[in-house]
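Residue-level listing of the chains:
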Amino acid sequence: MTTKSAREIAETYFTSWEAGDFEAIRELLAEDVDFVGALGTASGVEEALGGLKGLGQVLEKIDVQVRVAEGDDVITWYDLHTSIAPATPTVNWMHIENGKITRIRVTFDPREMLAGFGK
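In this text the structure is predicted, and so the values were computed from the model without any measurement.

Participant: Got a minute to help me understand the overall build of the protein in this structure?
Facilitator: Of the regular secondary structure elements, the protein holds four helices and six strands. For the protein, the α and β elements follow one another from N to C terminus as α-α-β-β-α-β-β-β-β-α. Scaling as 2.2 N^0.38, a compact globule of 119 residues should have a C-alpha radius of gyration of about 14 Å, and the protein matches this with 14 Å. Along the first, second and third principal axes, the C-alpha set of the protein runs to 45 × 30 × 20 Å. Per-residue burial over the protein gives 41% buried out of 119 residues. Sequence-distant contacts, at least 24 apart, represent 46% of the contacts inside the protein between residues at least 6 apart. Total accessible area on the protein stands at roughly 6600 Å², and carbon and sulfur atoms take up 51% of it. Each charge class in the protein was averaged separately, 11 positive and 20 negative side chains, and the resulting centres sit 3 Å apart.

This is how it looks when you write it as structure tokens:
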């Protein structure tokens, strides 16, 4: 059995999210995963999945521009395409321990997305 690298885990996370495969994402997240982003925070796997599912309702495409991995940390810069706003440049930093994502930080300008949710 081979252990996936942090980079491979990040790649799987994004391809699974884009495909709406939340069970695959569940397998990647630590039970106590900590998420902080422009639209909110989540503590634990269920809250994190809830946030991903919520945004997943409007998610159309994740266009990765670059992914940089160093040890247990991966930063992914991507354009987040949704049905409610123009493509949104986004950065995601995740930390992986023992093959599980333990921390996720996401930043982007949320103004157009928030306006889209308000429609």
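Participant: How do you make sense of the pattern of salt bridges when you look at a structure like this?
Facilitator: Close approach of charged atoms allows side chains of opposite charge to pair. In the structure shown here, the tally under the stated rule is six salt bridges. Salt-bridge contacts for Arg26 lead to Glu23; the nearest nitrogen and oxygen are separated by 3.6 Å. In this pair, Arg26 and Glu23 both sit in helix α2 (residues 22-28), three residues apart, roughly one turn of the helix. Judged by relative accessible area, which is 23%, Arg26 ranks as partly exposed. Of the charged contacts in the structure, one is a salt bridge between Arg111 and Asp109, with a shortest N-O distance of 2.3 Å. For Arg111, a relative accessible area of 61% corresponds to the exposed category.

Participant: What is the right way to look at a nonpolar patch on the surface in this model?
Facilitator: A cluster of nonpolar side chains, contributed by Val66, Val68, Ile75, Trp77 and Trp93, occupies part of the molecular surface with about 440 Å² of accessible area. Elements with a minimum of two residues in the nonpolar patch: β3 (59-70) and β4 (73-82). Its place among the elements puts Val68 in strand β3.

Participant: Looking at this model, I keep getting lost on the packing of aromatic side chains. Mind explaining?
Facilitator: Each aromatic ring pair is summarised here by two numbers: the centre-to-centre distance and the angle between the ring planes. Following the criterion strictly, the structure yields two aromatic pairs and no others. A centroid spacing of 5.0 Å and a plane angle of 85 degrees characterise the contact between Tyr13 and Phe14, whose relative ring orientation is edge-to-face. Judged on exposure class, the residue Tyr13 and its partner Phe14 are both buried. Each member of the aromatic cluster is reached from another via a ring pair, and the members are Tyr13, Phe14 and Tyr78.

Participant: Any chance you could explain the sheet that holds strand β6 (residues 100-107) here in plain terms?
Facilitator: Sheet strands pair via backbone hydrogen bonds, and the direction of the pair is either parallel or antiparallel. Here we have six strands laid out as an open sheet, ordered β2-β1-β6-β5-β4-β3, and mixed in their pairing. Of all the strands in the sheet, the pair left with one neighbour each is β2 (40-43) and β3. In this sheet, adjacent strand axes meet at a mean angle of 20 degrees when their direction is disregarded. Both β3 and β4 contribute to a ladder of ten bridges, which runs antiparallel.

Participant: Looking at this structure, I do not really get the side chain of Ser16. What am I missing?
Facilitator: By the element assignment, Ser16 lies in helix α1 (residues 6-19). There is a polar contact of 2.8 Å between the side chain of Ser16 and the backbone oxygen of Thr12. If sequence neighbours within four positions are ignored, Ser16 has contacts with Asp21, Ala24 and Ile25.

Participant: What am I meant to see in helix α3 (residues 45-56) here?
Facilitator: In an α-helix, one full turn covers 3.6 residues, which means residues spaced three or four apart are oriented alike. Its twelve residues give α3 an end-to-end C-alpha distance of 16 Å, which sits within 8% of 16 Å, the value for a rise of 1.5 Å per residue. Every buried residue of α3 is listed here: Val45, Ala48, Leu49, Leu52 and Leu55. Down the axis of α3, the buried side of the element spans an arc of 130 degrees, and every buried residue falls inside it.

Conventions we followed
- Residues numbered from 1 in each chain as written.
- Predicted model: local features only at pLDDT ≥ 70, side-chain atom pairs only at ≥ 80, totals over all residues.
- Heavy atoms only, no water.
- Helix = DSSP H or I, 4+ residues; strand = E, 2+ residues; numbered from the N terminus.
- Rg over C-alpha atoms; globule rule 2.2 N^0.38 Å.
- Buried < 20%, exposed > 50% of the residue type's maximum accessible area, 1.4 Å probe, protein only.
- Contact = heavy atoms within 4.5 Å.
- Areas by Shrake-Rupley, 256 points an atom, 1.4 Å probe, with all protein chains shown as cover.
- Lys, Arg positive; Asp, Glu negative; His and termini not counted.
- Charge placed at Lys NZ, Arg CZ, Asp CG, Glu CD.
- Salt bridge = Lys/Arg side-chain N within 4 Å of Asp/Glu carboxyl O.
- Patch = residues over 30% accessible without salt bridge, like charges linked within 9 Å, V, L, I, M, F, W, Y side chains within 5 Å.
- Phe/Tyr/Trp six-rings, centres within 6.5 Å; stacked < 30°, edge-to-face > 60°.
- Pairing = 2+ DSSP bridges.
- Axes fitted to C-alpha atoms, helices over the stretch in contact; angles between N-to-C directions.
- Polar contact = N/O pair within 3.5 Å; in protein donor to acceptor, adjacent residues only side chain to side chain.
- Expected span 1.5 Å × (residues − 1).
- Arc of directions from axis to C-beta.

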